[in-house]
Amino acid sequence: MKKSPANALPGFDDPFGAHTPMMQQYLRVKAEHPDKLVFYRMGDFYEMFYGDAERAAPMLDITLTARGASP
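Cut-off values and rules
Along each chain, residues carry numbers from 1 onward, in the same order as the chain's sequence is written. Where totals are concerned, whole chains, interfaces and linings use all residues; where local detail is concerned, this predicted model gives features only for residues with pLDDT of at least 70, and gives and counts side-chain atom pairs only at 80 or more. The side-chain figures draw on all heavy atoms in the structure; neither hydrogens nor water molecules are used. Working definition: rings of Phe, Tyr and Trp (its six-membered ring) pair if their centres are within 6.5 Å, and the pair is stacked with planes under 30 degrees apart, edge-to-face with planes over 60 apart, and tilted otherwise. Residues form patches when they are more than 30% accessible in relative terms and have no salt bridge. Like charges link within 9 Å. Nonpolar side chains (Val, Leu, Ile, Met, Phe, Trp, Tyr) link within 5 Å. To measure how exposed things are, a 1.4 Å probe is used in the Shrake-Rupley method; for residues, cover is taken only from the protein chains shown. For this document, the term salt bridge refers to a Lys or Arg side-chain nitrogen within 4 Å of an Asp or Glu carboxyl oxygen. Helix numbers and strand numbers start at the N terminus; a helix is a DSSP run of H or I with at least 4 residues, a strand a run of E with at least 2. A simple rule labels every residue: compare its accessible area, found with a 1.4 Å probe on the protein chains alone, to the largest value its type can have, and call it buried under 20%, exposed over 50%, or partly exposed in between. What makes a nonpolar core is a set of buried Ala, Val, Leu, Ile, Met, Phe, Trp, Tyr and Cys residues whose side-chain atoms join them at distances within 4.5 Å. Any two residues whose heavy atoms approach within 4.5 Å at even a single point are treated as in contact. pLDDT expresses, on a scale from 0 to 100, how confident the predictor is about each individual residue.

Draft legend 1. Region of the structure containing the packing of aromatic side chains. Using the criterion set out here, one finds three aromatic pairs in the structure. Linked through ring pairs, Tyr26, Tyr40 and Phe49 together constitute an aromatic cluster.

Draft legend 2. Representation of a nonpolar patch on the surface in the model. A cluster of nonpolar side chains, contributed by Phe39, Tyr46, Met59, Leu60 and Ile62, occupies part of the molecular surface with about 540 Å² of accessible area. Mapping Tyr46 onto the fold places it in strand S2 (residues 45–47). Looking at Tyr46, the relative accessible area reads 53%, which means it is exposed.

Draft legend 3. Just the nonpolar core, in detail. Formed by Met23, Tyr26, Leu27, Val38, Tyr40 and Phe49, the largest nonpolar core amounts to six residues. Considering every element that reaches this core, the biggest residue donor is helix H1 (residues 21–32), with three residues. In contact with Val38, other than residues within four places in its own chain, are Tyr26, Val29, Lys30, Glu47, Met48 and Asp52.

Draft legend 4. Highlighting the confidence of the model for the protein chain. Chain-level pLDDT for the protein chain is 81 on average; 72% of the residues reach the 70-or-more range. The spread of mean pLDDT over the elements of the protein chain runs between S2, the lowest at 92, and helix H2 (residues 50–60), the highest at 95.

Draft legend 5. Quick look at unusual backbone geometry. One non-glycine residue with positive phi stands out, namely Tyr50, at about 55 degrees. On the secondary structure map, Tyr50 appears in helix H2. Using a relative accessible area of 36% as the deciding quantity, one classes Tyr50 as partly exposed. Although it is not a glycine, Asp61 adopts a positive phi angle of roughly 55 degrees. Secondary-structure assignment places Asp61 in the segment after H2. What makes Asp61 exposed here is its relative accessible area of 71%.

Spelled out as structure tokens, the structure:
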């Protein structure tokens, strides 16, 4: 079985199957653009996840927040 580029994301054996449709879409976009910071629009706001959020917080001088853990 050929591994997809998304399998390179840290901490994900199966990066898509165990997530919500929104997070599956985010992971697919991130897999296509691993070297870019991905801002994901959720309603009126843009969010970043995982390593993108950790990298961007000090660069943008914003507070890193957390939500419930995703599998």
